[in-house]
Amino acid sequence: MLARKVESVPYLDLKAQMRPLRREIDAAIAHTLDNCSFCLGPDVTKFEQDFARFCDAEHCIGFNSGTSALHIALLLLDIGRDDEVITTPSTFVATSWAISYVGARPVFVDVDDATFNLNAGLVEKAITPRTRGILPVHLYGHPADLDPLLVIARKHRLPLVEDACQAHGARYKGRRVGTFGVMSAFSFYPGKNLGAYGEGGALLTNKAAFAARARSLREHGSRERYYHEEIGFNYRMEGIQGAVLGVKLKHLEQWTAQRRRVAHRYHELLEDTPLQLPREAPGCESAYHLYVVRHPRRDALKQYLEKNKIGCALHYPLPLHLQKCYASLGYKAGDFPVAEKAARECLSLPIYPELTDDQLECVAEVIKEFFATAS
Ligand SMILES: Cc1ncc(COP(=O)(O)O)c(C=O)c1O
């Protein structure tokens, strides 16, 4: 083993992000404690305004999770029983939860080999008279193939909802994701590029009617306290999360730039290895929520990294069409070969704004060592 500048590299280091912000965060939380607005309230409203401006959206509605925001987006489109929604099998399960929660059927379509995002070229074939929407994911922070997807959506008069839960600040043809579809959902789960100190999410839309109904649905279906227009949910964002997110949002642009710098440095360092590296499609600027490499010997590499105290993870080890919870949909192994290969070969390396050059060089060194010694 080579002499190392660093002992270990954690997969994720939330403490490194918190340390320089601690005083600002403490003051923001103290503000919430002083105003005692623990559910929604002024800190959430301010964050909603700021995040809407950041994404250039008309409306942002704060939720208690990205999952809730996605659920409400599909409810607002009146998608329900016997309907179908087209989505990707290579994503976190919450994408398809939203479809299942409204009683509709997720219809999976294979992904593109370069980005792992929904393969727009295969979507049209999956449209049936029951299709009610298209739900692409900006996976790992890389924008979905939006233009062709929007052409198909328009042609078939289908709404497109963006699952932007991993893609805060990612750009497609220069514009931040979140307003390409009729609605979009973001997650502020702590490990996300913009993470709360607990659960959080947001729905963005440019349509005032959707925004008003989303606000009502997240709060027990009421616009006026104790008067319930329809069956609603307790999906409110907490005041403290709004306060924390408000502080962190000011740093997001710089953090995204730092993530992109880490990614480019990984590209340089790993270029000569047998790994397949993530690449940006033309016109796309990834927010690099994850840096996912691929190799057929993924499991051995993962073990080697872990033995050498390098954190790594799998996103995701089993595509959604093969999950037990969706057995009743009738999919089988081999249905989506690209997604299945991705699940077998993907490996997420540490990436966060605070990752130092020494740390990322250490990751690259250990990977090179693996390939040099691997028989
Ligand atoms: C692609 C994707 N969709 C949806 C979600 C759900 O977000 P949350 O965990 O905030 O409910 C996540 C978050 O993990 C995600 O990565």
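In what follows, the structure referred to is the one given above.
Keep in mind that this is a model prediction, so the values were computed, not measured. (Residues numbered from 1 in each chain as written. Predicted model: local features only at pLDDT ≥ 70, side-chain atom pairs only at ≥ 80, totals over all residues. Heavy atoms only, no water.)

### A look at the sheet that holds strand 8 (residues 183-187)
So, step 1. As summarised here, the arrangement of the four strands in space is 1-9-8-5, forming an open sheet in which the pairing is mixed. Strands with a single pairing partner mark the edges of an open sheet, and in this sheet they are strand 1 (59-63) and strand 5 (161-163). Shown here is a sheet whose adjacent strand axes are inclined to one another by a mean of 20°, direction ignored.
So, step 2. Alignment of strand 8 against strand 9 (residues 201-205), held across five bridges, turns out to be antiparallel. Counterpart to Ser184 in the pairing with strand 9 is Leu204.
So, step 3. Each of strand 1, strand 5, strand 8 and strand 9 is contacted by helix 3 (residues 66-76), which is oriented at about 165° to strand 8, the strand it contacts most. (Pairing = 2+ DSSP bridges. Helix = DSSP H or I, 4+ residues; strand = E, 2+ residues; numbered from the N terminus. Axes fitted to C-alpha atoms, helices over the stretch in contact; angles between N-to-C directions. Contact = heavy atoms within 4.5 Å.)

### A short note on the sheet that holds strand 6 (residues 171-172)
So, step 1. The strand order across the open sheet formed by three strands is 7-6-10, and the pairing between neighbours is antiparallel. Edge positions in the sheet fall to strand 7 (175-176) and strand 10 (284-285), since each has one partner strand and no second.
So, step 2. Bridge analysis of strand 6 against strand 7 gives two bridges, and the strand direction is antiparallel. The residue bridging Tyr172 from the neighbouring strand is Arg175, located in strand 7.

### What to know about the nonpolar core
So, step 1. Of all hydrophobic cores here, the largest spans 60 residues; its most connected members are Phe47, Phe51, Val123, Phe188 and Leu194.
So, step 2. Residue assignment for this core shows that the elements contributing at least two residues are helix 1 (14-35), helix 2 (42-55), strand 3 (105-108), helix 5 (120-123), helix 6 (146-155), strand 9 and helix 8 (239-270).
So, step 3. Top contributing element to this core by residue count: helix 8, with seven residues.
So, step 4. Setting aside its immediate chain neighbours within four residues, Phe188 contacts Phe47, Phe51, His168, Leu194, Gly195, Ala196, Gly198, Gly200, Gly201, Ala202, Met237 and Leu245. (Core = buried A, V, L, I, M, F, W, Y, C linked by side-chain atoms within 4.5 Å. Buried < 20%, exposed > 50% of the residue type's maximum accessible area, 1.4 Å probe, protein only.)

### Digging into the packing of aromatic side chains
So, step 1. All told, the structure shown has 19 aromatic pairs when counted by the stated rule.
So, step 2. On the numbers, 4.9 Å between centres and 20° between planes, the contact of Phe233 with Tyr235 is stacked.
So, step 3. Judged by centre distance (5.0 Å) and plane angle (75°), the ring pair of Phe370 and Phe371 falls under edge-to-face. Of the two residues examined, Phe370 and Phe371, each falls in the buried class.
So, step 4. Grouping aromatic residues by their ring pairs yields a cluster made of Trp97, Tyr101, Phe108, Tyr326, Tyr331 and Phe336.
So, step 5. The positively charged end of Arg176 is found above the aromatic ring belonging to Phe54, 3.7 Å away from the centroid. (Phe/Tyr/Trp six-rings, centres within 6.5 Å; stacked < 30°, edge-to-face > 60°. Lys NZ or Arg CZ within 6 Å of the ring centre and 35° of its normal.)

By themselves, these are just geometric observations and shouldn't be taken as functional.
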